[in-house]
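Observations on the model geometry
So the chains spell out like this:
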Amino acid sequence: MNTLFLEIAVVAIGIILLLVEAFSDRSDKSYLAYLGAAGLVGVLILSFFPSHGPLPGSSTEAFITSDFLSVFFVRFILVATIVTLLMIPGFRPVLERYLPAERAGGGVGEFAILPLFVCAGLMWMVTAIDFIMIFVSLELATITLYVLVTYLRQNNASLEAGTKFLILGALSTGFIVYGISWIFGVTGTTNILALPGAIATLPETSLAPLLFGIAMILVALSFKTGAFPFQFWVPDVYQGAPTPVTAYLSVASKAAGFVVLIRLLVALETIPVIAHKLHAVITLLAGLTLIFGNCSAIPQTNMKRLLGYSSVAHAGYLLMGVASLGSMLAIPAIGFYFAAYLAMTMLSFVVLLVVAEATGGDEISRFNGLSQRSPLLAGAMLLAMASLAGIPFTAGFIGKLLIFEVAIKQGHFGLVVIGIVTVAAGFYYYFKVIRAMYWQQPAEETVIPVTFTVKMIIAVLGAAILALGIYPAPILATLR
Amino acid sequence: MSLLLILLIVLPLLASLGIMVGANPRRTALGAAIVNLVFAVILFTRYDLHSGGWQYLSEWKILPRLGINLTLGADGLTLTMFLLATLVTLSALWIAPKIEKREGLYYVCLLFISAGVIGAFASLDVLFLYSFHELALIPTFLLIGIWGSGDRQAAAWKATIYLGAGSFVLLIGLLALYLSIPSGLRTLDIRQLDQMAATGAFHPASWIYLVLLVGFGSLVSLFPFHSWAPPAYACAPAPAAMLHAGVLKKFGLYGLIRIALPLFPDAMHQFNGLLILLLIGNILYIGYVTVAQKRLDWTVGYSSVMHMGYIFLGLASLNLLGINGASLLMFAHGLSVAAAFALCGEIRRRTGTLDYAELGGLAKVTPVLGLLFGFAAMASVGLPGFANFAGEILVFFGASAYGPEMIIPVIIGVWGVVISAIYMLRAYRNIFWGPIAERWASLSDIAPTARWSVILLLLPLMVAGFYPQIILRMVGTALPR
């Protein structure tokens, strides 16, 4: 299966569903989310057929690749989108509350369809090896996300989040274009794989403008990945955006940013002068991201903000892996960490969605006594928090183990020390949620109802967390 | 494959699964604990002492590329720890009071601690040794936070963060150890690591030993990494304190005997002075802190920290005698401290307080409780006839054999026995003797179930006290000749 085909299929599903939505008379549009998810499952299955990649010598060869990194992350983004789509039916009451009711169920349909276009954009982004291609796919994803973040247009928090996201997103777009033009100006190429060859022929003096261009791109990517120095939008936007969109932002969008970062750094690894400088920068950024994310998460009282800062913290651990790219095992470690991150983050957002809807808010105190109101939800959240904190027999533990292993191997002892301290901090803020669920008394005793779809998502993601934590070999085998 | 040994880990987990889907919590948990104790006794008696070494082996490949396998097995030391773990588990579950709310969660937490610690002892792979131990982290947090007494929330936080961070230090140490093995030979299998160290195939740097000492040490409450333990034990519900102080804490010592002793012979010599300094902190400093306590739960909590000093003294003697003594003492201390915490819980349940100033003369109304407490206190002091005495004597002999530089630590250790006698006898006198206050006159004596669950702990202690060889010949199989 040609890799380009999968993205085209996703876009086609999106367009067909838009047409279905326009001509459908049913008032409950949430079935579109199920249709979209089913379509993506089909695409996911197609992605397992032998991939031939772009034909050698064809025009697409210059833009996309089908190495193991793109194959893995294409599937990763598909899975993340499927889970997000399945969360949307449970989110319908919130959508209807905050959307102008010109017609019943209006707006729910588009909300379930737009993620498909983000998905296509991110899939292109993780397969792209050319800056132009990266930029175009990034814009496809980001512009659609602007719409999704501001979707609750009668909710001030959503509007505020959307505005912040738009302004900072536009700024980072500016940075990336600016960076690309500097790199192109110096090397005469926009292809990442061709960069090392082009740089090798350059005179010594053109190194400074080249590094300037690379620095611009790093800054822009830190916006996508939610890492220092462009992390400050994360908690505000996460808090205000509709919960499924927050989950999607923190998983899929972050992953795509990391893939581009990895591609760029791997290509530049072959040039010692630049690689040396980049190592120092990435190590610094990893340390700062770890400290910022974990320390800021400690005092949080809002669950979405907590998960926002936690996503910054996890970007820090991932950057630890990126800083160790000199080791062969770094990319498998990062890929595995993302697989674990997907399962545990999505699981916590699914539980958050149900609890917030049942209790009317997303503060941590809304989780008080959850174990008495719904043992299933509390148990699922307990598992997610344990995994995020990195407790053995969960996916998060093996992820951290692999990352710390490559970091020690590459001699990043400073980062490892910061990592130990921040893991201890993580124990505190993740256990705060466990404390609320198990120690505190509930405000009311009524049982929180859980729909069949949510039960299925919890079962699958929970099983994934345990399976990855106990027997990680199969996932790691796909990352080589 | 040895099904019995696998079941030892799986059974508590299956029981907790059963409780989660609606089985009767107390009966299911007790059933699993009884069967587990029977299994542990069978494994213990069927161990082939003649051939020694690792037996009951089974193995699954987990991460072949990194040389990580889930390997389960047991030698004499492991089997002794199994016996300790299953005895304390049964006693703790049995003595657990009637839980009004969320009874299922209570027993699930206790069973998880039990399964985790048995799994840790059974693992021949260092990573799983570590991982199984961590299974106890969340259950401990929940048990102290929900069912604890006193300032339970602060205690639960402190213990959780301390243990979480401590075990992460340990993990870094283990990773560093792993990476110091020449690539191609990398493994986390204890047997292969021992062999490689014995043949000189690899020399881990001595700083790794220090990291491991800090990591394992904070789990065992080695001075000065001990401050989480007394409040956690004082505030935890009795069964949790029994399992934690009695069994879980032995994991750190077990890890040091299994990993540090064979792999870091040079580093242990090099840093022995440091270890001796720290263990004197445990015996002398914590000993005096214990004397100053005004409540029984804190006294027992601190005493359990103090007694770790003797076990470390056995390790620091670096000879067969001392380490045998330390292993025996691990077993003995686990049982005696569990009995002490069980009785603590019984007294608290009756009086609502453990403050020496408020209690007194209880032996008049609760004679059996008083008698059992007397036994537990004497065992803890190290009275001849209890296994604690045999262990301590061996530790002192072993330490004296180390060399003249050990004379002062041994004298301090013997002085520590005096200190323990002071605080334990004081506790006994203040609670059970003297004039009885009016309000305690109608207390009921200890119930038969609780009585037998304490006897379950004290009886093996006396058997091993009169005939220590039954344990010593088992733990001896684990030690290098």
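What counts and what doesn't
Residues numbered from 1 in each chain as written. Chains lettered and ligands numbered in written order. Predicted model: local features only at pLDDT ≥ 70, side-chain atom pairs only at ≥ 80, totals over all residues. Heavy atoms only, no water. Helix = DSSP H or I, 4+ residues; strand = E, 2+ residues; numbered from the N terminus. Rg over C-alpha atoms; globule rule 2.2 N^0.38 Å. Buried < 20%, exposed > 50% of the residue type's maximum accessible area, 1.4 Å probe, protein only. Areas by Shrake-Rupley, 256 points an atom, 1.4 Å probe, with all protein chains shown as cover. Lys, Arg positive; Asp, Glu negative; His and termini not counted. Charge placed at Lys NZ, Arg CZ, Asp CG, Glu CD. Contact = heavy atoms within 4.5 Å. Pairing = 2+ DSSP bridges. Expected span 1.5 Å × (residues − 1). Polar contact = N/O pair within 3.5 Å; in protein donor to acceptor, adjacent residues only side chain to side chain. 1 Å grid on protein atoms, 1.4 Å probe; cavity = no way out; pocket = protein on both sides within 12 Å on 5 of 7 lines; lining within 4 Å. Points joined across faces, edges and corners; volume = space filled by probe spheres on them. Nonpolar A, V, L, I, M, F, W, Y, C, P; charged D, E, K, R; others polar. Domains from an automatic or database assignment. Buried area = accessible area lost by both parts, 1.4 Å probe. Salt bridge = Lys/Arg side-chain N within 4 Å of Asp/Glu carboxyl O. Phe/Tyr/Trp six-rings, centres within 6.5 Å; stacked < 30°, edge-to-face > 60°. Disulfide = S-S within 2.5 Å. Axes fitted to C-alpha atoms, helices over the stretch in contact; angles between N-to-C directions. Left-handed = near helix turned anticlockwise from the far one by under 90°. Parallel < 35°, antiparallel > 145°, perpendicular 65-115°, else oblique.

The next point concerns the overall build of chain B. Scanning chain B for helices and strands turns up 21 helices and 2 strands. For chain B, whose C-alpha radius of gyration is 21 Å, the value lies close to the compact-globule estimate of 23 Å for 481 residues. Taken across its 481 residues, chain B has 66% of its residues classed as buried. Put simply, chain B shows about 15800 Å² of open surface, and 68% of that area lies on carbon and sulfur atoms. Each charge sign in chain B was given a centre, from 27 positive and 19 negative side chains, and these centres are 5 Å apart.

Our next topic: the overall build of chain A. Summing up its helical and strand segments, chain A has 19 helices and 0 strands in all. Computed over C-alpha atoms, the radius of gyration of chain A comes to 22 Å, within 12% of the 23 Å expected from 2.2 N^0.38 for 480 residues, which places it in the range of a compact globule. By its C-alpha atoms, chain A is 70 × 55 × 40 Å across when sized along the principal axes. When burial is assessed residue by residue, chain A has 64% of its 480 residues classed as buried. Of the contacts made within chain A by residues no fewer than 6 positions apart, 81% connect residues no fewer than 24 positions apart. When the accessible area of chain A is evaluated, it comes to approximately 16200 Å², of which 71% is carbon and sulfur surface. Across chain A, 22 positive and 21 negative side-chain charges occur, with their mean positions spaced 6 Å apart.

Note on strand geometry: in a regular strand, side chains alternate between the two faces of the sheet. Residue and element names in this part refer to chain B. For strand β1 (residues 55-63) and strand β2 (residues 68-74), the ladder comprises 6 bridges, and the chain directions are antiparallel. Paired with L63 across the bridge in β2 is I68. Following β1, the chain reverses through 4 residues before pairing antiparallel with β2; G67 in that reversal takes a positive phi of roughly 70 degrees.

On to helix α5 (residues 131-149) of chain A. Between its first and last C-alpha atoms α5(A) spans 26 Å; for 19 residues at 1.5 Å apiece the expected length is 27 Å, and the two agree. Capping of α5(A) at its N-terminal end is provided by A:D130; its side-chain oxygen lies 2.8 Å from the backbone amide nitrogen of A:I132.

There is about 1600 Å³ of room inside the largest pocket. What lines the largest pocket is a set of 48 residues, and nearest its centre among them are A:L383, A:L466, B:L17, B:M20 and B:F112. For the lining of the largest pocket, the secondary-structure elements that each account for two or more residues are α15 (375-389) and α18 (452-470) of chain A together with α1 (3-20), β1, β2, α4 (103-122), α5 (126-134) and α6 (137-147) of chain B. Considering every element that reaches the lining of the largest pocket, the biggest residue donor is α1(B), with 9 residues. The class makeup of the residues in the lining of the largest pocket is 40 nonpolar, 6 polar and 2 charged.

For the rest of this paragraph, the subject is empty space enclosed by the protein. Per the stated rule, a full pass over the model turns up 13 cavities of 30 Å³ or more. Estimates place the volume of the largest cavity at around 110 Å³. Considering the residues around the largest cavity, the lining is formed by A:L401, A:L402, A:E405, B:L66, B:I68, B:V126, B:L127, B:L171, B:L174, B:L175, B:Y178 and B:L188. Residue assignment for the lining of the largest cavity shows that the elements contributing at least two residues are α16 (395-409) of chain A together with α5 and α7 (152-179) of chain B. Considering every element that reaches the lining of the largest cavity, the biggest residue donor is α7(B), with 4 residues. Class assignment of the residues belonging to the lining of the largest cavity gives a composition of 11 nonpolar, no polar and 1 charged.

This next bit is on the domain arrangement of chain A. Residues and elements named next belong to chain A. Domain annotation of chain A identifies domain 1 (1-269) and domain 2 (271-480). Contacts between domain 1 and domain 2 engage 53 residues on the former and 48 residues on the latter. Buried area between domain 1 and domain 2, summed over both chains or domains, comes out near 4400 Å², and the portion from carbon and sulfur atoms is 79%. The largest per-residue losses of area from domain 1 upon contact with domain 2 belong to F72, F228 and E269, which jointly make up 14% of the total buried on that side. In this assembly, domain 1 and domain 2 are joined by 2 salt bridges.

Residues and elements named next belong to chain A. Per the stated rule, a full pass over the model turns up 50 aromatic pairs over all chains. Their ring planes at 75 degrees and their centres at 5.5 Å tell us that Y146 and F165 sit as a pair that is edge-to-face. Placement of the pair is Y146 in helix α5 and F165 in helix α6 (residues 156-187), with a sequence separation of 19 residues. What makes Y146 buried here is its relative accessible area of 14%.

On the chain B side, the residues contacting the 36 residues of chain A number 37 residues. Among the residues chain A hides against chain B, the three largest losses belong to A:F393, A:F431 and A:W439. Together they make up 22% of the total. Our count for the chain A to chain B interface comes out at 0 salt bridges. Between chain A and chain B we count 5 residue pairs in polar contact (both at pLDDT 80 or more) in total. Every element with two or more residues in the side of chain A that touches chain B is listed here: α14 (370-373), α15, α16, α17 (413-438) and α19 (473-477) of chain A. Considering each element in turn, the side of chain A that touches chain B owes the most residues, 11 residues, to α17(A).

Residue and element names in this part refer to chain A. Following the criterion strictly, the structure yields 15 salt bridges over all chains and no others. A salt bridge links R366 to E363, with the shortest nitrogen-to-oxygen separation between them at 2.9 Å. Taking the relative accessible area as the measure of exposure, R366 reaches 32% and is therefore partly exposed. Owing to a relative accessible area of 29%, E363 belongs among the partly exposed residues under this scheme. Connected through salt bridges with shared partners, the residues E160, K164, D236 and R305 form a single ionic network.

A separate point is the state of the cysteines. Between two cysteines, a covalent bond joining their sulfur atoms is known as a disulfide. Residue and element names in this part refer to chain B. Evaluated as defined, the whole model comprises 0 disulfides over all chains. Note on C109: no disulfide assigned, nearest cysteine sulfur contributed by C235 at a separation of 17 Å. On the basis of relative accessible area, C109 is assigned to the buried category, the value being 4%. Looking at C344, it has no disulfide partner, and the nearest cysteine sulfur is the one in C235, 12 Å off.

All names here are of chain A. At a minimum axis distance of 9 Å, the contact between helix α13 (residues 330-359) and α15 shows a crossing angle of 145 degrees. For α13 against α15, the interelement crossing comes out left-handed. Side by side, α13 and α15 meet where M344, T345, L347, S348, V351, V354 and V355 of the first sit next to L377, A380, M381, A384, M385, S387 and L388 of the second. Grouping the constituent residues of the contact of α13 with α15 by class yields 11 nonpolar, 3 polar and no charged.

All names here are of chain A. Structurally, the position occupied by V11 is in helix α1 (residues 3-23). Separated by 107 residues in the primary sequence, V11 and V118 place their C-alpha atoms 9.4 Å from one another. With sequence-adjacent residues up to four places away left out, V11 is seen in contact with F117, A120 and W124.

Attention now goes to helix α20 (residues 448-466) of chain B. The first and last C-alpha atoms of α20(B) sit 26 Å apart over 19 residues, in line with the 27 Å expected at 1.5 Å per residue. All of the buried residues along α20(B) are B:A450, B:S453, B:V454, B:L457, B:L458, B:P460, B:L461, B:A464 and B:G465.

Before going further, it helps to examine the environment of B:T140. Residues and elements named next belong to chain B. Relative to the helices and strands, T140 resides in helix α6. A relative accessible area of 9% places T140 in the buried class. Those residues within four positions of T140 in sequence are excluded, and the remaining contacts are I113 and H244.

All names here are of chain B. Across the interface, helix α8 (residues 190-199) lies against helix α12 (residues 250-263) with an axial gap of 9 Å and an inter-helix angle of 20 degrees. The angle between α8 and α12 places the two elements in the roughly parallel class. Considering the relative orientation of α8 and α12, their crossing is left-handed. Along its contact with α8, which presents I190, L193, D194 and A197, the element α12 presents R258, P262 and L263. Taken together, the residues that form the contact of α8 with α12 break down as 5 nonpolar, no polar and 2 charged.

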